[in-house]
Amino acid sequence: MRVVEEEYIPKRVKCNNCDRVLEYDSRDVKTEQTHMNEYSSYVICPVCNNKVRV
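Source: prediction; values computed, not measured.

**Q** Looking at this structure, I do not really get the packing of aromatic side chains. What am I missing?
**A** Think of a pair of aromatic rings as described by two things: how far the centres are apart, and how the planes are tilted against each other in angle. Taken as a whole and assessed by the stated rule, the structure comprises 0 aromatic pairs. When the ring centre of Tyr42 is taken as reference, the NZ or CZ atom of Lys51 above it lies at 4.9 Å.

**Q** I would appreciate a short explanation of the nonpolar core in the present structure.
**A** What tends to happen in soluble globular proteins is that the nonpolar side chains get buried as a cluster. Membership of the largest hydrophobic core is limited to 7 residues, which are Val13, Cys15, Leu22, Tyr24, Val43, Cys45 and Val52. Excluding its chain neighbours within four sequence positions, the residues that come into contact with Val52 are Val13, Lys14, Cys15, Leu22, Ser41, Tyr42, Val43 and Cys45.

**Q** Even after reading the chapter, I still don't get the state of the cysteines, so can you show me in this structure?
**A** Two cysteines, two sulfur atoms, one covalent bond between them: this is a disulfide. Under the criterion given, the structure shown has 0 disulfides. There is no disulfide at Cys15, and the cysteine sulfur nearest it, in Cys48, is 3.7 Å away. Not engaged in a disulfide, the cysteine Cys45 finds its nearest cysteine sulfur in Cys18; these two sulfurs lie 3.7 Å apart. Since its relative accessible area comes to 0%, Cys45 is described here as buried.

Cut-offs applied
- Residues numbered from 1 in each chain as written.
- Predicted model: local features only at pLDDT ≥ 70, side-chain atom pairs only at ≥ 80, totals over all residues.
- Heavy atoms only, no water.
- Phe/Tyr/Trp six-rings, centres within 6.5 Å; stacked < 30°, edge-to-face > 60°.
- Lys NZ or Arg CZ within 6 Å of the ring centre and 35° of its normal.
- Core = buried A, V, L, I, M, F, W, Y, C linked by side-chain atoms within 4.5 Å.
- Buried < 20%, exposed > 50% of the residue type's maximum accessible area, 1.4 Å probe, protein only.
- Contact = heavy atoms within 4.5 Å.
- Disulfide = S-S within 2.5 Å.

Put into C-alpha cells, the structure is as follows:
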C-alpha cells in the first residue's frame, strides 16, 4: 500500500474545440488574470493548443 499525494491525482476534462478528453494533474494547470481581481485556471490541449478551463 502507498500514500497517494492529492496533487498528483489525475483529473479529466474535455476540450471544447477538438472534443478530446484530457487527463491532467495540478502540475499542468496554469492561471491567468481575467479581470482586476479575478483569475481563471486552465490547461492547454496538446492536440489543438486551445485553453481549456478547469
